[in-house]
Amino acid sequence: MYSTTITVLVSMIQEGSSNSIHGEAGSCLIVMKSFEFIFILYFMHKIMGTTNLFCRVLQQKSLNILNAMNLVTITKALLRTLRDVGFDLLPANMQSVCIKYEIDIPHMNASYKKTTGRSYQQ
């Protein structure tokens, strides 16, 4: 799905009928080829995959309250396991996508400093 979307955006950039379509497709491509986007994509995929069964059961008309409470307990345990163990696997999965699409991977151990875009002399 990700590669299909990237392909569509690239074709829109190359064959855009107007400057606004060309610009919007270029902006979307820049965002989608960022490490932050890939991180959120994988993060949400893990969480949504974990809570999918629980959500489907809650939407049934013949909902048994005991089964629902059991699913709450199971979903909480799965999310706790994801928090404790699953996030260690996340960078490895993301790295393959980042390498495939030539996305810069930040150094996680480096110090972080957010700037305002102005020089210190101003």
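Note that the structure is a prediction, hence the values are computed from the model and not measured.

Quick word on a nonpolar patch on the surface
A contiguous nonpolar surface patch, about 370 Å² in accessible area, is contributed by F39, I40, M44 and M48. The class for F39 is partly exposed, based on a relative accessible area of 34%.

Side note on helix α2 (residues 19-32)
The end-to-end C-alpha distance of α2 is 20 Å, a good match for the 20 Å that 14 residues give at a rise of 1.5 Å each. Taken together, the buried residues of α2 touch α1 (2-15) and α3 (35-58).

Some details on the nonpolar core
Core analysis: the biggest nonpolar cluster contains 14 residues, and Y2, I38 and I103 have the highest contact counts within it. Listing elements by their share of this core, those giving two or more residues are α1, α2, α3 and α4 (65-100). In terms of residue count, the dominant contributor to this core is α4 (four residues). Excluding residues within four positions of it along the chain, I38 makes contact with Y2, M32, M94, V97, C98 and I103.

Some details on the confidence of the model for the protein
Per-chain confidence: the protein averages 81 in pLDDT, with 89% of residues scoring 70 or above. The spread of mean pLDDT over the elements of the protein runs between α1, the lowest at 75, and α3, the highest at 88.

Rules behind the numbers
Residues numbered from 1 in each chain as written. Predicted model: local features only at pLDDT ≥ 70, side-chain atom pairs only at ≥ 80, totals over all residues. Heavy atoms only, no water. Patch = residues over 30% accessible without salt bridge, like charges linked within 9 Å, V, L, I, M, F, W, Y side chains within 5 Å. Areas by Shrake-Rupley, 256 points an atom, 1.4 Å probe, with all protein chains shown as cover. Salt bridge = Lys/Arg side-chain N within 4 Å of Asp/Glu carboxyl O. Buried < 20%, exposed > 50% of the residue type's maximum accessible area, 1.4 Å probe, protein only. Helix = DSSP H or I, 4+ residues; strand = E, 2+ residues; numbered from the N terminus. Expected span 1.5 Å × (residues − 1). Contact = heavy atoms within 4.5 Å. Core = buried A, V, L, I, M, F, W, Y, C linked by side-chain atoms within 4.5 Å. pLDDT = per-residue confidence, 0-100.

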